[in-house]
Amino acid sequence: MKILVCISNVPDTTTKIKFVNNNTTFDINGVQWIINPWDELALTRAIEIKEANAGAVENITVINVGLKTTEPTIRKALAIGADKAIRINAEPKEAYSVAFQLAEVIKKEKFDIILCGIESCDYNGASVGGMLSEFLDYPSISAVSFLNIENRQLKLKREIDGGYEVISIITPFIGIVQKGIAKDARIPNMRGIMMAKTKPLQVVEPVQVDNYTEFVSFFHPKPKTACKKVDPENVKELVNLLHNEAKVV
Amino acid sequence: MSILVFAENWDGKFKKLTYELVSYAHALSKLMNSSVSVVSIGKVDDNELKKLGTYGASKILNVTDSRLQTLDNRAYTRVIAEAATKENAGVVIFALNNTGKAVAPRVSVKLKAGMVSGVIGLPASLEPFTIVKKTYTSKALANVVVKTLVKILTLSQNSFEIAESPVNATIENFSPEISDINTIVKEVNKVTGKILLIDAEIVVSGGRGMKGPENWGPIEELAKILGGATACSRPVSDEGWRPHEEHCGQTGKIIAPNLYIAVGISGAIQHLGGVSSSKCIVAINKDPEAPIFEVANYGIIGDAFKVLPQLIAAFKELKGN
Ligand SMILES: Cc1cc2nc3c(=O)[nH]c(=O)nc-3n(C[C@H](O)[C@H](O)[C@H](O)COP(=O)(O)OP(=O)(O)OC[C@H]3O[C@@H](n4cnc5c(N)ncnc54)[C@H](O)[C@@H]3O)c2cc1C
Ligand SMILES: Nc1ncnc2c1ncn2[C@@H]1O[C@H](COP(=O)(O)O)[C@@H](O)[C@H]1O
């Protein structure tokens, strides 16, 4: 079995979000880049499954649509434990074209399990995994919070409102993962970091595809009005304000 | 041309979320000079379907094929795309929830329609079609242009006021050809009789400042008095103090209740990503410098263990018992 994990390269989650060029461009000055948190968890889970089922998983590949600047992030995925990597050499501008590029490569390579994150923490598209599934005409399961191989069968859970469903599915399929899929992301060790330098990172040139959407400008939400402080000795006042001023209780 | 809404049901019933979508679609139809159609999948009785007319839906395509009782992303996509084609839909609208996230992007590819997820209002212009969406986990907003003839939108929860504009909805049975179903549900595990976090109008949430699971009594009591749900920060669920479903934030649930009461939560940026769209935020924290106060509307700087009992007493008095 071959597993593919789609990883996006995003600003660290504590980044102060600023824009330049008349608010048309995200300011990358001083930004730390990371593997999108869900993708990192998906990769961690793929590695756990490979380790726990000797021989069942042939290899784990990571794929990214991005320019050369994303390579440190890809190397980190290799250091965590992916066996090889593919980078499609295009700037990711919007979900549709990213998914299209991924599909073109995947059609040629054939993977059994393809994992995506539920959303990237830059544009919060929550789109690429679903779009990719449709381009490939594969079944997809979204909100996956558990994945395992048990008795040579795939077992997974997906979150529904107020609980979860246990699901069986054929391969190939796309799993769009969320919280729960792995507890903590793996941290690369020294050996992993050394090995990552020699693992294969294949660069593929993109195909021609139109963008269906365009991010034209950005702005910040209106700042909240200042917080009204209530004296801890007069808690009743808070209830009064919530009832009569904010009218929420 | 029409605006098509996918109206999900929960055990045969719609939710506030559904009426939000239909109200939004109706407002959009006014701008675009069109009408609102709805596609509903699963067993919903006619009375419930008719309710959608109250918010401006004039036509309801009712899909009752029993193979679609549980979500199969690929099959749902076929059905919704076919409904969109039949209704000559210019815009197809989904909720930004698990189902919307699972199906909308597939429909986008199927219909070759540009998609914007997490929109928070009506388009600022129709030509070019320009609309605002949340980005960077609610830390910023973006103006996005959709260039295709058909557009797919997912609407952020609680970003559009429900508005009644009654019309008489006609119900039409719709039974498109269904492709094979690959998603086999073996087991369902679901709580019943409890207000779900994502539906709750009031949420009382505890963080690491609560010190341990044994101290959650007052959080639960407060939620109960207010008819709300309980939530928590990530370390609290990671520690196993509270169940995972309660974890809010960037890597947990994204909620937008009317009132969010954060107790002993510092307000880390990743936490705020999941709760900052709440209408009113109350913070109770002993550290005056805690970042939660930057987003809170009301705050008490004090010890949660002293403040909570008083708060419970005061709310009880308000509720008259
Ligand atoms: C990639 C990534 C994703 C993340 N995703 C999430 C997420 O989705 N959700 C999330 O919540 N976190 C998330 N985090 C973690 C986040 O960074 C914070 O660590 C976390 O939110 C802190 O939780 P807390 O506020 O409960 O704890 P703390 O930061 O420890 O804060 C406890 C607060 O309680 C106060 N306090 C202590 N005692 C009392 C008392 N007696 N009375 C009143 N107040 C008291 C303290 O002053 C303090 O402000 C994420 C982190 C990363 C790196
Ligand atoms: N540029 C990219 N390269 C590879 N995978 C991506 C890229 N962008 C998004 N993805 C995948 O799609 C998921 C959802 O991203 P998005 O639709 O952008 O919110 C991510 O968690 C990744 O798994």
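Heads up: the structure comes first, above all this text.
Residues numbered from 1 in each chain as written. Chains lettered and ligands numbered in written order. Predicted model: local features only at pLDDT ≥ 70, side-chain atom pairs only at ≥ 80, totals over all residues. Heavy atoms only, no water.

### Regarding the overall build of chain B
Then, in step 1: Broken down by element type, chain B carries nine helices and 16 strands.
Then, in step 2: Taking 20 Å as the expected radius of gyration for a compact globule of 321 residues, we find that chain B reaches 21 Å, a close match to that expectation.
Then, in step 3: When the backbone C-alpha atoms are referred to their principal axes, chain B occupies close to 60 × 45 × 40 Å.
Then, in step 4: For chain B, buried positions account for 61% of its 321 residues.
Then, in step 5: When contacts within chain B are restricted to residue pairs at least 6 apart in sequence, those whose partners lie at least 24 apart make up 65%.
Then, in step 6: A total of about 12,500 Å² of accessible surface is found on chain B, and carbon and sulfur atoms cover 50% of it. (Helix = DSSP H or I, 4+ residues; strand = E, 2+ residues; numbered from the N terminus. Rg over C-alpha atoms; globule rule 2.2 N^0.38 Å. Buried < 20%, exposed > 50% of the residue type's maximum accessible area, 1.4 Å probe, protein only. Contact = heavy atoms within 4.5 Å. Areas by Shrake-Rupley, 256 points an atom, 1.4 Å probe, with all protein chains shown as cover.)

### Side note on the pairing of strand 8 (residues 140-146) of chain B
All names here are of chain B.
Then, in step 1: Counting buried positions along strand 8 yields seven of seven residues, so the element is predominantly enclosed.
Then, in step 2: The alternating pattern of strand 8 places Ala140, Ala142, Val144 and Val146 on one face and Leu141, Asn143 and Val145 on the opposite face, and all of these are buried.
Then, in step 3: In the sheet, strand 7 (residues 129-135) pairs with strand 8 via seven bridges, with the strands oriented antiparallel. Paired with Lys133 across the strands is Ala142, a residue of strand 8.
Then, in step 4: In textbook terms, the turn of a hairpin is the stretch between consecutive antiparallel strands, and for strand 7 and strand 8 this stretch comprises four residues, one of which, Tyr136, has a positive phi near 45 degrees. (Pairing = 2+ DSSP bridges.)

### Regarding the site of ligand 2
Residues and elements named next belong to chain A.
Then, in step 1: Close contacts around ligand 2 come from 18 residues, with Cys6, Asp39, Ser120, Ala126 and Ser127 the closest.
Then, in step 2: Backbone polar atom of Val128 to an oxygen atom of ligand 2: 2.8 Å apart, as the coordinates give it.
Then, in step 3: Here ligand 2, which alone exposes 490 Å², has 95% of that area covered by the protein.
Then, in step 4: Looking at the shell around ligand 2, the elements with two or more residues in it are strand 6 (59-65) and strand 8 (113-117).
Then, in step 5: In terms of residue count, the dominant contributor to the shell around ligand 2 is strand 6 (three residues).
Then, in step 6: Class assignment of the residues belonging to the shell around ligand 2 gives a composition of nine nonpolar, seven polar and two charged. (Near = heavy atom within 4 Å. Polar contact = N/O pair within 3.5 Å; in protein donor to acceptor, adjacent residues only side chain to side chain. Nonpolar A, V, L, I, M, F, W, Y, C, P; charged D, E, K, R; others polar.)

### Points about the site of ligand 1
Then, in step 1: For ligand 1, the set of nearby residues contains 27 residues, the closest of which are B:Lys211, B:Ser233, B:Ser266, B:Gln270 and B:Asn285.
Then, in step 2: Residues within reach of ligand 1 are spread across chains A and B.
Then, in step 3: B:Arg208 places a polar main-chain atom, nitrogen or oxygen, 2.7 Å from an oxygen atom of ligand 1.
Then, in step 4: Interatomic distance of 2.7 Å between a side-chain N/O atom of B:Ser266 and an oxygen atom of ligand 1.
Then, in step 5: If ligand 1 stood free it would expose 990 Å²; the protein chains cover 79% of that surface.
Then, in step 6: When contributions to the shell around ligand 1 are tallied by element, the ones reaching two or more residues are helix 6 (234-238), helix 7 (269-275) and helix 9 (304-319) of chain B.
Then, in step 7: The residue makeup of the shell around ligand 1, split by class, is six nonpolar, 15 polar and six charged.

### As for a nonpolar patch on the surface
Then, in step 1: Taken together, A:Met190, A:Ile193 and A:Met194 make up a surface patch of nonpolar side chains, about 300 Å² in accessible area.
Then, in step 2: Among the secondary structure elements, A:Met194 is positioned in helix 5 (residues 190-196). (Patch = residues over 30% accessible without salt bridge, like charges linked within 9 Å, V, L, I, M, F, W, Y side chains within 5 Å. Salt bridge = Lys/Arg side-chain N within 4 Å of Asp/Glu carboxyl O.)

### Some remarks on the sheet that holds strand 15 (residues 280-285) of chain B
Then, in step 1: Strand order in the open sheet formed by six strands is 15(A)-16(B)-15(B)-14(B)-12(B)-13(B), with parallel pairing between adjacent strands. Looking along the sheet, the strands with just one partner apiece sit at the ends: strand 15 (228-230) of chain A together with strand 13 (229-232) of chain B. This sheet shows a mean twist of 20 degrees between the axes of neighbouring strands, independent of strand direction.
Then, in step 2: In the sheet, strand 15 of chain B pairs with strand 16 (residues 298-301) of chain B via four bridges, with the strands oriented parallel. Within the sheet, the bridge partner assigned to B:Ala283 lies in strand 16 of chain B and is B:Gly299.
Then, in step 3: On the sheet, helix 5 (residues 217-225) of chain B packs against strand 12 (202-206), strand 13 and strand 14 (259-263) of chain B and is oriented at approximately 175 degrees with respect to strand 12 of chain B.
Then, in step 4: Contacting strand 14, strand 15 and strand 16 of chain B, helix 9 of chain B runs over the sheet at an angle of about 130 degrees to strand 15 of chain B. (Axes fitted to C-alpha atoms, helices over the stretch in contact; angles between N-to-C directions.)

### What to know about the state of the cysteines
Then, in step 1: Taken as a whole and assessed by the stated rule, the structure comprises zero disulfides over all chains.
Then, in step 2: Of all cysteine sulfurs in the structure, the one in B:Cys280 sits closest to A:Cys227, which takes part in no disulfide; the separation is 9.6 Å.
Then, in step 3: The exposure class of B:Cys280 is buried, given its relative accessible area of 3%. (Disulfide = S-S within 2.5 Å.)

### Describing the packing of helix 6 (residues 235-245) of chain A against helix 9 of chain B
Then, in step 1: Between helix 6 of chain A and helix 9 of chain B, whose axes approach to 8 Å, the crossing angle comes to 45 degrees. Between helix 6 of chain A and helix 9 of chain B, the interaxial angle falls into the category oblique. Both helix 6 of chain A and helix 9 of chain B take part in a crossing whose hand is right-handed. Contact with helix 6 of chain A, carried on its side by A:Val235, A:Lys236, A:Leu238, A:Val239, A:Leu242 and A:His243, involves B:Val307, B:Gln310, B:Leu311, B:Ala314, B:Phe315, B:Glu317 and B:Leu318 of helix 9 of chain B and no other residues of that element.
Then, in step 2: In terms of residue class, the contact of helix 6 of chain A with helix 9 of chain B is built from nine nonpolar, two polar and two charged. (Parallel < 35°, antiparallel > 145°, perpendicular 65-115°, else oblique. Left-handed = near helix turned anticlockwise from the far one by under 90°.)

### Remarks on the interface of chain A and chain B
Then, in step 1: With 78 residues of chain A at the interface, the matching set in chain B holds 86 residues.
Then, in step 2: Overall, the association of chain A and chain B removes approximately 7,100 Å² of surface from exposure, summing both partners, and the carbon and sulfur fraction of that is 58%.
Then, in step 3: The interface formed by chain A and chain B holds seven salt bridges in total.
Then, in step 4: A salt bridge links A:Lys236 to B:Glu317, with the nearest nitrogen and oxygen atoms 3.3 Å apart. (Buried area = accessible area lost by both parts, 1.4 Å probe.)

These values are about where atoms sit, not about what they do.
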